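# Structural overview
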Amino acid sequence: MKSGFFLRAVRNGLFAFCLAGAVVPPHAQAEQQDRLVIFDDDGFALAQWMVLKAPHVKVLGFATVSGDFWQKEATAYALRGVEIANRPDVPVVAGATYPLLNTEKRTERWESLYGKLVWKGAWMKQWVEKTNQPLPPYHAANSVPDLPWGNPKTKAAPETAVSFMLRMVHQYPGQVSIIECGPMTNLALAQKLDPEFASLAKELVYMGGSLNPQQKLNTPAAAQFAREFGNSPRREFNIRFDPEAASIVMHAPWKKIVMVPADPSTETEMSEAFVKDITQSDTPVARIMRKSANNFPLWDEIAAAVWLDPSLIRTSTDVYVDVNTAFDAQYGDILSWSEGYQPRLDEQKEHVVLRVDVPRMKALIKDLIARP
């Protein structure tokens, strides 16, 4: 299960110097510019605030998609999150409401054949077994409950997330990073509308998928979250919600793909102690985050952190990745191959993050929250 409620130190850059009167090479000038990013997600919280408050980063916009929440609710969270950060200059663009093929009824049919899913996001009505985590209210796609942070006063930009992302990669070819922390419906639609989309972006960093995560923390919450991968180690909600979209995206010609699966998140937890430590400053984000201890793993925060500072990655591997889109018992599960074993149907090689430096990541988060 991946929460839409969660989620910068600068990437090692090229530091150029020159003698008086010398000209700085164009490539060195480019490295000194702000990094451009679009953040696409099914919610809004710490991960987005991390990139929004990071130095030398320009957030072009926040895109929304259905997943943990319906798109309209995710959009409301994003609008409110931008307001809390006092960044009215950053647009929020609404994306897809429904997956490409998957539906609530298809999901319930799948469960009748192959067993219950631990988490179904916007389609979740009840836990299968006793769980400490609160269950978000089940409601229709066009309904937006009152938000715990207060409701936004601003409106989403008058443009779809897909058209916005296409416009940005054409305006800044080779410069735009995309951080994806929700289902990949928007990205798949963009790629199908414009086959140049992926190749025009700088990179894709996504939180999604699962290889073989193991429970690392000895807490009740950690044990409960381990239910999802204990018997189905290749299943993860972001991918399972829209498997067809994920497969389209994973076959697209990105220059670089960084996958942050569930695996590294098992060493992390949004515990009371963690939240108390990172919110010692008195900023608007810190004040909101003081109420956010929910014991969820830091799924999205890891994706944001490794984009901001790749040196946080302790263990990783390079493999070819795809998604099972057959409507069978492994529907939505991750498929992966080492070099030479892939089917060679345009699967792309991905840099998969397996472990991160949790103490350093925590320090980075704490520093970013404290920034004015």
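Residues numbered from 1 in each chain as written. Predicted model: local features only at pLDDT ≥ 70, side-chain atom pairs only at ≥ 80, totals over all residues. Heavy atoms only, no water.

Looking at an unreviewed UniProt entry, one finds the chain named Nucleoside hydrolase and attributed to Acetobacter orientalis.

## Quick look at the packing of helix α2 (residues 46–53) against helix α14 (residues 299–308)
Stated precisely, the cut-off is as follows: In this analysis, axes come from line fits to C-alpha atoms, helices being fitted only over the stretch in contact, and the angle between any two N-to-C directions falls in the range 0 to 180 degrees. Only runs of H or I of at least four residues qualify as helices and only runs of E of at least two qualify as strands under DSSP, and these elements are numbered from the N terminus. Comment on the angle field: the value is read as roughly parallel under 35 degrees, roughly antiparallel over 145, roughly perpendicular from 65 to 115, and oblique elsewhere. By definition, any crossing whose near helix is turned counterclockwise from its far helix by less than a right angle is left-handed, and any crossing with a clockwise turn is right-handed. The criterion used for residue contact is that any of the two residues' heavy atoms lie within 4.5 Å. Gly falls in the polar group here, along with every residue not listed as nonpolar (Ala, Val, Leu, Ile, Met, Phe, Trp, Tyr, Cys, Pro) or charged (Asp, Glu, Lys, Arg).
Two elements in contact, α2 and α14, have axes whose closest approach is 8 Å; the angle formed by their N-to-C orientations is 20°. The angle between α2 and α14 places the two elements in the roughly parallel class. In the crossing of α2 with α14, the sense of the turn from one axis to the other is right-handed. In this structure, α2 contributes Leu46, Ala47, Met50 and Val51 to the contact, and α14 contributes Asp300, Glu301, Ala304, Ala305, Trp307 and Leu308. For the contact of α2 with α14, the class distribution of residues is eight nonpolar, no polar and two charged.

## Focus: the side chain of Glu203
Spelled out, the test is: Each residue's exposure class comes from its accessible area (1.4 Å probe, protein chains only) as a fraction of the maximum for that residue type: buried when under 20%, exposed when over 50%, partly exposed otherwise. Any pair of N or O atoms that falls within 3.5 Å is considered a polar contact. Within protein, one atom must be able to donate a hydrogen and the other to accept it, and sequence-neighbouring residues count only if both atoms are side-chain atoms.
Here Glu203 is to be found in strand β5 (residues 203–207). Classification of Glu203 as buried rests on a relative accessible area of 2%. Of the polar contacts made by the side chain of Glu203, one reaches the side chain of Trp307; its length is 2.9 Å.

## Some points on α2
For α2, a buried count of eight out of eight residues is recorded, marking the element as mostly surrounded by other parts of the structure. Buried residues of α2: Leu46, Ala47, Gln48, Trp49, Met50, Val51, Leu52 and Lys53, and no others.

## Topic: empty space enclosed by the protein
We count it as follows: Using protein atoms alone on a 1 Å grid, points that fit a 1.4 Å probe yet trap it form a cavity, whereas open point sets bounded by protein on both sides within 12 Å along at least five of seven lines form a pocket; residues with an atom within 4 Å of a point count as lining. Grid points are joined across faces, edges and corners, and a volume is the space filled by probe spheres set on the points.
Volume-wise, the largest cavity comes out at about 170 Å³. In terms of lining residues, the largest cavity is bounded by 18 residues, among which Phe225, Phe229, Ser265, Pro297 and Trp299 are the most central. The class makeup of the residues in the lining of the largest cavity is eight nonpolar, six polar and four charged. Lining the second largest cavity we find Asp68, Phe69, Trp70, Glu73, Gly121, Ala122, Met124, Pro136, Pro137, Tyr138 and His139. Classifying every residue of the lining of the second largest cavity gives seven nonpolar, two polar and two charged.

## Looking at the sheet that holds strand β3 (residues 92–94)
To keep it simple, the criterion reads: One bridge is not enough; two strands pair if DSSP finds at least two bridges between them.
Strand order in the open sheet formed by nine strands is β3-β2-β1-β4-β5-β6-β9-β7-β8, and the pairing between neighbours is mixed. Two strands bound the open sheet, and with one partner strand each, they are β3 and β8 (334–337). Neighbour-to-neighbour, the strand axes of this sheet turn through a mean angle of 30°, independent of strand direction. When strand β1 (residues 35–41) meets strand β2 (residues 57–64), the two strands line up parallel, connected through seven bridges.

## Details of the confidence of the model for the chain
Note the threshold: The score called pLDDT rates the predictor's confidence residue by residue, from a low of 0 to a high of 100.
Across the chain, the average pLDDT comes to 92, with 91% of residues at or above 70. Low pLDDT, under 50, characterises residues 3–30; the stretch is placed with 69 contacts to residues that sit more than four places away or in other chains.

## Quick notes on the environment of Tyr172
Looking at the secondary structure, you find Tyr172 in the loop between α5 (161–171) and β4 (176–180). Sequence separation of Tyr172 and Lys202 is 30 residues, and the distance between their C-alpha atoms is 9.3 Å. Here Gln171 takes part through its side chain, which lies 3.1 Å from a polar atom of the side chain of Tyr172.

## Points about the side chain of Asp194
Stated precisely, the cut-off is as follows: Counted charges follow a simple rule, with Lys and Arg positive, Asp and Glu negative, and His plus the chain ends left uncounted. The salt bridge definition used is simple: a Lys or Arg side-chain nitrogen within 4 Å of an Asp or Glu carboxyl oxygen.
In this fold, Asp194 is placed in the loop between α6 (185–193) and α7 (197–200). One buried charged side chain, Asp194, makes no salt bridge at all; its nearest oppositely charged neighbour is Arg167, positioned 12 Å away. Aside from chain neighbours lying at most four places away, what touches Asp194 is Leu166 and His170.

## Side note on the pattern of salt bridges
Side chains that differ in sign of charge can pair as their charged atoms come close. Under the defined criterion, the tally for this structure stands at 15 salt bridges. Where Glu108 meets Lys125, a salt bridge forms, and the shortest distance between an N and an O atom there is 3.5 Å. Here Glu108, found in helix α4 (residues 104–114), pairs with Lys125, found in the loop between α4 and α5; they are 17 residues apart in sequence, far enough to count as distant. Arg235 is the salt-bridge partner of Asp333, the closest N and O atoms lying 3.4 Å from each other. With a gap of 98 residues between them, Asp333 in the loop between β7 (313–323) and β8 and Arg235 in the loop between α9 (227–230) and α10 (237–241) connect regions that are remote in the sequence.

## Structural notes on helix α15 (residues 358–370)
Because each turn of an α-helix spans 3.6 residues, side chains separated by three or four positions in sequence point in the same direction. Applicable threshold: Under the convention used throughout, the expected extent of a helix is 1.5 Å for every residue step, that is, one less than its residue count. When we speak of the arc, we mean the arc of directions from the helix axis to the C-beta atoms.
The terminal C-alpha atoms of α15 lie 18 Å apart, and with 13 residues this matches the ideal 18 Å at 1.5 Å per residue to within 8%. Buried residues of α15: Met361, Leu364, Ile365, Leu368 and Ile369, and no others. With its buried residues spanning 130° around the axis, α15 presents them on a single face. Looking at the packing, one finds that the buried side of α15 touches α2, α12 (272–278), α13 (284–289), α14 and β9 (348–356). Near the N-terminus of α15, the side chain that reaches the backbone nitrogen of Arg360, with its oxygen 3.2 Å away, is that of Asp357.

## Considerations on the environment of Pro261
Residue placement: Pro261 occurs in the loop between β6 (257–260) and α12. Separated by 52 residues in sequence, Pro261 and Gly209 have C-alpha atoms that sit 4.8 Å apart. The contacts of Pro261, once residues within four sequence positions are left out, are Met207, Gly208, Gly209, Ser210, Leu211, Val352 and Val353.

## Here's the deal with a nonpolar patch on the surface
We apply this condition: Residues enter patches when they are more than 30% accessible in relative terms and free of salt bridges; like-charged ones are connected within 9 Å and nonpolar ones (Val, Leu, Ile, Met, Phe, Trp, Tyr) within 5 Å. We get accessible surface area from the Shrake-Rupley algorithm with a probe of 1.4 Å; when it comes to residues, only the shown protein chains can shield them.
A surface patch of nonpolar side chains, amounting to about 230 Å² of accessible area, comprises Leu100, Leu101 and Leu189. Along the polypeptide, Leu189 turns up in helix α6. Look at Leu189 and you get partly exposed, because its relative accessible area is 32%.

## Examining the packing of aromatic side chains
For the record, the criterion: Each pair of aromatic rings taken from Phe, Tyr and Trp, with Trp reduced to its six-membered ring, is defined by centres within 6.5 Å and is described as stacked if the planes are under 30 degrees apart, edge-to-face if over 60, and tilted in the remaining cases.
The tally for this structure, following the rule as stated, stands at 17 aromatic pairs. Relative to Phe296, the ring of Phe225 lies with its centre 5.1 Å away and its plane at 70°, an arrangement referred to as edge-to-face. With Phe225 in helix α8 (residues 220–225) and Phe296 in the loop between α13 and α14, this residue pair connects regions lying 71 residues apart in the sequence. For Phe225, a relative accessible area of 10% corresponds to the buried category. With a centroid separation of 5.4 Å and 50° between ring planes, the pair formed by Phe237 and Phe241 is classed as tilted. Taken together, the residues span about one helical turn, with Phe237 and Phe241 both in helix α10 at a distance of four residues.

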